[in-house]
Amino acid sequence: MALPACAARALGPPLQLERGAPARTTCPRRHSRVEAELAASRPGSVAASVRAGPPRGVSRGFNSQPLLDEPLKASSSLAGAARAPLFALLLRGRRRRMHNLRRRWDLGSLCRALLTRGLAALGHSLKHVLGAIFSKIFGPLASVGNMDEKSNKLLLALVMLFLFAVIVLQYVCPGTECQLLRLQAFSSPLPDPYRSEDESSARFVPRYNFSRGDLLRKVDFDIKGDDLIVFLHIQKTGGTTFGRHLVRNIQLEQPCECRVGQKKCTCHRPGKRETWLFSRFSTGWSCGLHADWTELTSCVPAVVDGKRDARLRPSRNFHYITILRDPVSRYLSEWRHVQRGATWKASLHVCDGRPPTSEELPSCYTGDDWSGCPLKEFMDCPYNLANNRQVRMLSDLTLVGCYNLSVMPEKQRNKVLLESAKSNLKHMAFFGLTEFQRKTQYLFEKTFNMNFISPFTQYNTTRASSVEINEELQKRIEGLNFLDMELYSYAKDLFLQRYQFMRQKEHQEARRKRQEQRKFLKGRFLQTHYQTQSQGQNPNPSQNPSQNPNLNASQSGTQNLFQNLIQNLTQSSGQNPSPKENQESQKQNSGQEQSDGNTSNGTHDYIGSVEKWR
């Protein structure tokens, strides 16, 4: 039977079948398996070669030459298909699939060979590199003795383990997430909790010269007495957070009573039904919403002692405190607050006994509030009280005619307001900065001798920080708040100088206490030493002390001497005796001191040094 047309065109002239091959009467596909078995049974045929091993061109070993051109040769040898009847009878598609299979087999073996050879070369290179490094490091030890092969392997294993640990650490802690973990071994075990909170340099260079009295702010505040702490709350300076600390976070003998759902807390003195704190969360807005310095100084005494007779009013000390903030951040925060509907219409702005008129203090908006106003409109209002708010609320407005701008020129008015705000801020009992929460806590605790329960938290992400402004807008905001910028620079310098001064004073006090403790321990040591020496002079303890009066007198004098020494060392600095008491004690002990002639001169010298130190 003739071949199909496709096979006839591909193979050219008809082929002669070998002897003994069965004759095909149907399609070649039906007898392909039989022909394959017959071809495999004949030695030297193509099927036998395929069955015996991999096709030509496949590498049988690592060092054998890969014959990439052999599949092409095998595929191009169809002209001699008379000697390979099975390959000649295959269709063109089947021959193409077999060619692709042989080619993939060659590429896979080649890739495996290249990978194996590459790993071997890499290991060889790494061995040479590590050998060179070890020769550089352990070269001086060559004279002692060469390391054997086991030690080399151990050292190599340690190096590989170290590299593996570094790689694992990089995967587990990418970037700077584990920076503290990596530097923990090189850092101090107890870091300073009052380090610079703004990520700036811890070393501060002062710009203003302040006296010791300006830096040392330590108020003798007795919560059981009559003194009062007055909190001046400026808008958007973090005063709400600090006010909550005052009523909820201070260790007191009688803590403030704060009920759930109520903003105000009851802060009474121990044993009295009288408050020690005048703030929003204790007495409410008794002098008006966000009352300023001018309002508080004239309102607080009247509110606290207004119901008492003038002759029965106690002499109080009013300790004013406040919190300041960076002017640009505070201005943006107030704008965002006004956008949400805040108006502060309840503010009285009382000055010189009366509130300002509508001509003296016009409004920037006509509706019920100014919600949704853009930043440009907020900055364009010339009567906006957000401009230089911190200077206005800390200064004495009676010096410039309150809100009447026609009393003096604008330049002179600004100068008077700024100087008044600086003076009031410097003479306040305490002020803090929003950007330095931990330092604010530290200075308040040292000033009033009151400790907070939990530390303050520094929040660097606020609503103002989310507002993105360009350099031009920032310059304009700084121009609108130029007085606040000057006041904040002054306040920051004074604040950081006070902090450094208090820290140095604390370190000096701790050093002095350590010196006193060392001197006390030295006195105890000398007492024990001379008691042992005096007991050694009496070898016969059964002997009657009356038989040796000189020894008895010397021992009693030594004991009295060291008793006086211990009493002098253990006395505190606040319980020093008066000169008259010293003279009487010297007269009483004059007889005892005369009987101490047998003691050593070193003891008298040490006692003299202790008296000189005291």
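Predicted, not measured: the structure shown is a model, and the values here were computed from it.

Student: What am I meant to see in the sheet that holds strand E1 (residues 228-232) here?
Tutor: Paired through their backbone hydrogen bonds, the strands of a sheet run either parallel or antiparallel. Reading across from one edge, E4-E1-E5-E6 is the order of the four strands in this open sheet, with parallel pairing throughout. Strand pairing shows two members of the sheet lacking a second neighbour, strand E4 (277-278) and strand E6 (430-433), which therefore form its edges. Lying over the sheet, helix H11 (residues 293-305) contacts E1, E4 and strand E5 (318-324), oriented at roughly 145° with respect to E1. Where helix H16 (residues 437-448) meets the sheet, its contacts fall on E1, E5 and E6, and the angle it forms with E6 comes to roughly 170°.

Student: Is there a simple way to explain the pattern of salt bridges in this structure?
Tutor: Proximity of charged atoms lets side chains of opposite charge pair with each other. Under the defined criterion, the tally for this structure stands at 15 salt bridges. Close ionic contact of Arg-316 with Asp-305 constitutes a salt bridge, the shortest N to O distance being 3.1 Å. Of this pair, Arg-316 sits in the loop between H11 and E5 while Asp-305 is found in helix H11, placing the two residues 11 residues apart along the sequence. A relative accessible area of 10% places Arg-316 in the buried class. Of the residues examined, Asp-305 reaches a relative accessible area of 5% and is grouped as buried.

Student: Would you take a moment to explain the nonpolar core for this structure?
Tutor: One recurring pattern in soluble globular proteins is that nonpolar side chains are buried together. Phe-242, Trp-276, Leu-296, Ile-321, Leu-394, Phe-444 and Phe-448 are the most contacted members of the largest nonpolar core, which totals 72 residues. Look past the residues within four positions of Leu-394 in its chain and what remains in contact with it is Leu-232, Ile-234, Trp-293, Thr-322, Leu-324, Ser-420, Ala-421, Asn-424, Leu-425, Met-428 and Leu-487. If you look at the next biggest cluster of nonpolar residues, it comprises 18 residues, including Trp-344, Cys-373, Cys-381 and Ile-477.

Student: Where do I start with the packing of aromatic side chains in this structure?
Tutor: Here a ring pair, both rings aromatic, is described through the centre-centre distance and the interplanar angle of the planes. Applying the stated rule across the entire model yields 20 aromatic pairs. Judged by centre distance (6.0 Å) and plane angle (35°), the ring pair of Phe-436 and Phe-495 falls under tilted. With Phe-436 in the loop between E6 and H16 and Phe-495 in helix H18 (residues 482-536), this residue pair connects regions lying 59 residues apart in the sequence. Per residue, the accessibility class of Phe-436 equals that of Phe-495, and both read buried. It is Arg-389 that lies over the ring of Trp-344; its NZ or CZ is 5.6 Å from the centre.

Student: Help me understand the confidence of the model for the protein chain, please; the structure alone is not making it clear to me.
Tutor: Low pLDDT marks stretches whose predicted atomic positions should not be read closely. In the predicted model, the protein chain carries a mean pLDDT of 75, and the fraction of residues at 70 or more is 60%. Scored below 50 in pLDDT, residues 46-52 shows nine contacts in the model against residues more than four places distant or in partner chains. Within the model, the stretch residues 541-551 combines pLDDT values under 50 with four contacts to residues more than four positions away or in other chains.

Student: Could you clarify how one ought to interpret the state of the cysteines in this entry?
Tutor: In a disulfide, the sulfur atoms of two cysteines are held together by a covalent bond. One pass over the full model with this rule turns up five disulfides. Between the sulfur atoms of Cys-256 and its disulfide mate Cys-267 the distance is 2.1 Å. Across the disulfide from Cys-256 to Cys-267, rotation about the S-S bond amounts to roughly 120°, and the bridge is consequently right-handed. Linking Cys-256 in the loop between helix H10 (239-248) and strand E2 (257-258) with Cys-267 in the loop between strand E3 (265-266) and E4, this pair joins segments that are 11 residues apart in sequence. Here Cys-256 and Cys-267 have matching classes, each one buried. Through a disulfide, Cys-258 is tied to Cys-265; the S-S separation comes to 2.1 Å. Here Cys-258 and Cys-265 share a disulfide; its torsion about the S-S bond, 115°, makes the bridge right-handed. For Cys-265, a relative accessible area of 3% corresponds to the buried category. Counting only cysteine sulfurs, Cys-364 is the nearest neighbor of Cys-373, a cysteine outside any disulfide, at a range of 9.3 Å.

Student: Would you mind going over the pairing of E1 with me for this structure?
Tutor: Moving residue by residue along a regular strand, the side chains alternate between the two faces of the sheet. Counting buried positions along E1 gives five out of five residues, so the element sits mostly inside the fold. Residues Leu-228, Val-230 and Leu-232 line one face of E1 and the alternating positions Ile-229 and Phe-231 line the opposite face, and both faces are buried. Note that E1 and E5 share five bridges and pair parallel. Counterpart to Ile-229 in the pairing with E5 is His-319. Where E1 lies against E4, two bridges are found, and the strand directions are parallel. Counted as the bridge partner of Val-230 is Phe-278 from E4.

Student: What is the right way to read unusual backbone geometry from this model?
Tutor: Across residues other than glycine, the phi torsion is negative in most instances, and most of the peptide bonds are trans. Residue Lys-236 is not a glycine yet carries a positive backbone phi of 55°. Looking at where Lys-236 falls in the secondary structure, it is placed in the loop between E1 and H10. Its identity as a non-glycine residue notwithstanding, Cys-402 has a phi of 60°, on the positive side.

Conventions adopted
Residues numbered from 1 in each chain as written. Predicted model: local features only at pLDDT ≥ 70, side-chain atom pairs only at ≥ 80, totals over all residues. Heavy atoms only, no water. Pairing = 2+ DSSP bridges. Helix = DSSP H or I, 4+ residues; strand = E, 2+ residues; numbered from the N terminus. Contact = heavy atoms within 4.5 Å. Axes fitted to C-alpha atoms, helices over the stretch in contact; angles between N-to-C directions. Salt bridge = Lys/Arg side-chain N within 4 Å of Asp/Glu carboxyl O. Buried < 20%, exposed > 50% of the residue type's maximum accessible area, 1.4 Å probe, protein only. Core = buried A, V, L, I, M, F, W, Y, C linked by side-chain atoms within 4.5 Å. Phe/Tyr/Trp six-rings, centres within 6.5 Å; stacked < 30°, edge-to-face > 60°. Lys NZ or Arg CZ within 6 Å of the ring centre and 35° of its normal. pLDDT = per-residue confidence, 0-100. Disulfide = S-S within 2.5 Å.

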